[in-house]
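Overview (structure and organization)
Given next are the chains, with one letter for each unit.
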Amino acid sequence: MATARTSQDCLTNVETLEQIKDRITHVLPGARLEIVPNESPSGQRSLLVDHEHAGAIATFLRDDAELRLDYCSNATGVDWPEAVVKTKIKKPVVTDGVEKEVEETVDALRSGYLEAVYHLYSVAKKHGPVILRLRTGNRTDKVTLPSLTPVWRSCEYQEREIFDLFGIKFAGHPDLRRILMWDGFVDHPMRKDYVEPDDFEYEPTPHDAVLERAKTHYPSEVKT
Amino acid sequence: MLGEGIIKGMGETARNFLGSYVSKKRLTTLQYPEERAPQFPNARQFPFLVYDGEDPEQGLRCVSCQICEKECPPKCIYIVKSKDKRVDYKGQMQFYPATFNIDISVCMSCQICVEVCPFESIKMDTEFELSSTDRFAGLLVRKPQLAKSNDHYRKIHPHDAAESDAALAAEVAKVQAKAKADAEAKAKAAAAKVAPAAPPPEATLAK
Amino acid sequence: MSATLETPAKNYELRPKLSDDGETELLEVSMGPHHPSTHGVFRMDVVLDGERVVRLKPVFGYLHRNHEKIAEGTSYLSSMPYTDRLDYFCSLTNNWAYALAVEKLAGLQVPERAEYIRVITAELTRLQNHTCLIGFLMQDMGALGTPLMYAFREREKILDLFEALTGARMMCNYMRFGGCRVDLPPGWLAAAQRIVDEYPRFLDEFETLLSGNEIIIARSQGIGVLPRELAVNAGITGPVARAAGVDYDLRKVDKYGIYDRFSFRVPLGDHGDTYDRYMIRILEMRESLKILQQALKDIPAGPIIDPKAKLRGFRPKAGEAYGRIEAPKGELGFYLISDGGPNPFRYRVRPPSFINLTVLEDMCLGNTIADAVITLGSVDIVLGEVDR
């Protein structure tokens, strides 16, 4: 299982994600890393990194002679709200003296968090991607992550965008301001629980939720 | 020599300017309302509803399945399903749209509705001179304006219309064949039930 | 000739700060959002010392409609026409990037003919984008009208091809997951071949008009220099990075689609100045023509869409994928997370124009305000993509 590697997974062709992880823990003892699986045909697995060592790990990945991941292509946020996750596990059950594997669905409550995802490539060695993930403690007050802008400047605007749209604060970012929304804006629109302001504009073909809103705003024009 | 590049460039401009008097290639402007570029067969502007036969209301192919309403990216289609059913082109009982509105001020001419429609009933028109001074009423197209005959569709997209006609004919043939087979099977079953001791139907037919 | 000016400051600490020593009065100018030289609703907060730029902060978001949020609320297919509206000059490459990401996510195969059609349309898109960009750049330098009109004349021919194929000139909405929407109409390949055969002649004319022009040389060489290391570190991609000497072209690196079948070269610049960025685009167009010639010759017959691909009720397995292509403006990537539902759980566009603006300040510092206009013009941004 550990050596399962599709053509997309870590195009380095030099090292697997496991080897990279081992080398990082060797160089930076104490760094807590975890490989996040990906079941889609793309097979792009990622590396979950802890907050304290994120900067050091990023610098290592950038400067390591073998990896030289000098180019951070994409940095983005993901909002994972609190949800019930159904996982299937195979359980051996003995019925009538015959051991059988029975699939069982287990519900687990996943606490909500925000995530920053970085896609790293190497311009020098022309390989990649190696994907880094950073997770916040929760979605309300523990939303600070270390900024990787000092390592890759391409994160500068992208981290500002994550701050703007998801509300992750990046410690160590040189210029953390809103970028797409205006300065006086308060909420973070890309969060899953974001509620749009009630500024409905009349349109003649309203649907579902818009229709409900249209009824309150234009009772005479909307037929029921 | 300083200025050589500029002089060369000026020569190029002169060539284009003078060339525009003799070569149509260098004079590409079209004097729009008087002159018109030919429409491409694939051209698409806004959707319309196809009807068969003479009556735009009765012949409408749309069965009000509302897939296009759901898939439309800017949500510009508004359908109200009928309460009753009527016979469609395949001879089956089907719903029909009681209301079918398209807000073409919101429509972005993406053709997704045409692609997802399983009934060949919504197609793209090539009419583009639709400007209006009224953003709401003037650009909200209702069912009577949307309904256009299949002949119109054949005229604007001959290739696509031929394909769609063939697909429909195949569908109708399939339905009819199935109905025939069903009827035969039913008759057979009925015959078998009523007179189990009777001679086989082949024998009676042979007489 | 170039690189005579000081290299712009790279670190935040080295950036000139507003000083109150009273020697010169600094003037803060807000350029835009409605200014002909800012290529759309883009604003630059510029602080000037005389005519020199000492600080420049790009401000955008005026065209922000949260494309990513809209896409999370609609099905995978319904997002396709919205991608047309990102970089509205190059809708076909946007379509391709999105289709590529979804194909990676769902494991779809693209038939060979569809791959060829994609290459042909993408390279035609690159041709018309670069041609027009040069026209706009000349417009910024003060060559009002003429080069831009010549560029538009040629672009029109390519847009006619797009309309004949897809039904729309700019908002093509043509690619589908696992292939393309419709097959090439009869006579299309011949028409494309004619344009590809005539294009080198136009490029020669265009170069006679512009490349040797002393005013253009004086205004663009050594202006807006982007050092190579900064370009890599700041994630600059596309012609801007290659003009700075960064050898990174996804058509060569990722070999997505069928780009490994064509022989072409990746032009690189030495100086990273505005003139190099102009020249790189001319050279890239010539390479694109080479690819087009090969693709038009080799295109096979066959199906144009994966029979497994579903139009209605498309639900990829849970997982994530990042797909990227070499769009005319740089690396265009789509990052998708699926939770198994009909809508993407997360849909992210990696816009090249947006990230290429990161270094605008570094390129403009120390130059005059008129040069800042040209530098912005040579970066090639489209606000539909920057603001999303």
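1. Section: the overall build of chain B
Secondary structure assignment for chain B yields 7 helices and 8 strands. Its C-alpha radius of gyration of 28 Å places chain B more than 25% over the 17 Å reference for a compact globule of 207 residues. C-alpha extents for chain B along the principal axes are approximately 115 × 45 × 30 Å. Taking all 207 residues of chain B together, 38% fall into the buried category. Partitioning the intrachain contacts of chain B with sequence separation of at least 6 by distance along the chain shows that 69% fall at a separation of at least 24. Just so you have it, chain B exposes about 12,600 Å², and 61% of that area is on carbon and sulfur atoms.

2. Some points on the layout of surface pockets
Empty space within the second largest pocket amounts to approximately 1,500 Å³. Lining the second largest pocket we find 39 residues, and of these T28 and L30 of chain B together with E156, D160 and R169 of chain C sit closest to its centre. For the lining of the second largest pocket, the secondary-structure elements that each account for two or more residues are α1 (4-22) of chain B together with α5 (146-166) and α6 (188-210) of chain C. The biggest single contributor to the lining of the second largest pocket is α5 of chain C, with 10 residues. Across the lining of the second largest pocket, the residue classes tally to 18 nonpolar, 8 polar and 13 charged.

3. What to know about the interface of chain A and chain C
The interface is formed by 50 residues belonging to chain A together with 50 residues belonging to chain C. Counting every contact that joins chain A to chain C gives 5 salt bridges. With a closest N to O distance of 2.8 Å, E161 of chain A and R388 of chain C form a salt bridge. The interface formed by chain A and chain C holds 29 residue pairs in polar contact (both at pLDDT 80 or more) in total.

4. What to know about the packing of helix α1 (residues 17-27) of chain A against helix α2 (residues 54-63) of chain A
Residues and elements named next belong to chain A. With their axes 11 Å apart at the nearest point, α1 and α2 run at an angle of 120° to one another. In this structure, α1 crosses over α2, and the sense of that crossing is right-handed. Judged by residue contacts, I20, R23, I24 and V27 of α1 engage I57, F60 and L61 from α2. Here the residues of the contact of α1 with α2 sort into 6 nonpolar, no polar and 1 charged.

5. Concerning the state of the cysteines
Evaluated as defined, the whole model comprises 0 disulfides over all chains. Cysteine C113 of chain B remains unbridged, with the sulfur of C68 of chain B as its closest cysteine sulfur at 6.2 Å.

6. Details of the confidence of the model for chain B
Residue and element names in this part refer to chain B. Residues of chain B with pLDDT of at least 70 account for 93%, and the chain-wide mean is 81. Taken together, the stretch residues 198-207 has pLDDT below 50 and engages in 1 contact with residues farther than four places along the chain or on a different chain. With pTM at 0.85, the complex prediction returns an ipTM value of 0.83.

7. What about the sheet that holds strand β5 (residues 97-103) of chain B?
Residue and element names in this part refer to chain B. Read from one edge of the open sheet, 3 strands run β2-β5-β7, paired in antiparallel fashion. The outermost strands of the open sheet, each flanked by one partner alone, are β2 (77-81) and β7 (140-141). Both β5 and β7 contribute to a ladder of 2 bridges, which runs antiparallel. Bridge pairing in β7 links D103 to L140.

8. A closer look at unusual backbone geometry
A positive phi angle is found at R68 of chain A, which is not glycine, with a value near 50°. Tracing the chain through its elements places R68 of chain A in the loop between α2 and β3 (71-80). Here the phi dihedral of S64 of chain B falls at roughly 60°; this positive angle occurs in a residue that is not glycine. Its location among the elements puts S64 of chain B in the loop between β1 (47-51) and α2 (67-71). Under the relative-accessibility criterion, S64 of chain B is labelled buried at 0%.

9. Some remarks on the interface of chain C and chain B
In this assembly, 34 residues from chain C lie in contact with 31 residues from chain B. At the junction of chain C with chain B, the criterion picks out 2 salt bridges. Ionic pairing is found between E205 of chain C and R15 of chain B, a salt bridge with its closest N-O pair at 3.8 Å. Taken together, the connections running from chain C to chain B amount to 18 residue pairs in polar contact (both at pLDDT 80 or more).

10. So, the packing of aromatic side chains
All names here are of chain C. Throughout the structure, instances matching the rule amount to 29 aromatic pairs over all chains. On the numbers, 6.1 Å between centres and 15° between planes, the contact of F42 with F60 is stacked. Taken as a pair, F42 in the loop between β3 (40-41) and β4 (43-49) and F60 in the loop between β5 (52-59) and α1 (67-72) lie far apart in primary sequence, 18 residues in all. You'll find F42 and F60 in the same group, each marked buried.

Scoring rules and cut-offs
Residues numbered from 1 in each chain as written. Chains lettered and ligands numbered in written order. Predicted model: local features only at pLDDT ≥ 70, side-chain atom pairs only at ≥ 80, totals over all residues. Heavy atoms only, no water. Helix = DSSP H or I, 4+ residues; strand = E, 2+ residues; numbered from the N terminus. Rg over C-alpha atoms; globule rule 2.2 N^0.38 Å. Buried < 20%, exposed > 50% of the residue type's maximum accessible area, 1.4 Å probe, protein only. Contact = heavy atoms within 4.5 Å. Areas by Shrake-Rupley, 256 points an atom, 1.4 Å probe, with all protein chains shown as cover. 1 Å grid on protein atoms, 1.4 Å probe; cavity = no way out; pocket = protein on both sides within 12 Å on 5 of 7 lines; lining within 4 Å. Points joined across faces, edges and corners; volume = space filled by probe spheres on them. Nonpolar A, V, L, I, M, F, W, Y, C, P; charged D, E, K, R; others polar. Salt bridge = Lys/Arg side-chain N within 4 Å of Asp/Glu carboxyl O. Polar contact = N/O pair within 3.5 Å; in protein donor to acceptor, adjacent residues only side chain to side chain. Axes fitted to C-alpha atoms, helices over the stretch in contact; angles between N-to-C directions. Left-handed = near helix turned anticlockwise from the far one by under 90°. Disulfide = S-S within 2.5 Å. pLDDT = per-residue confidence, 0-100. Pairing = 2+ DSSP bridges. Phe/Tyr/Trp six-rings, centres within 6.5 Å; stacked < 30°, edge-to-face > 60°.

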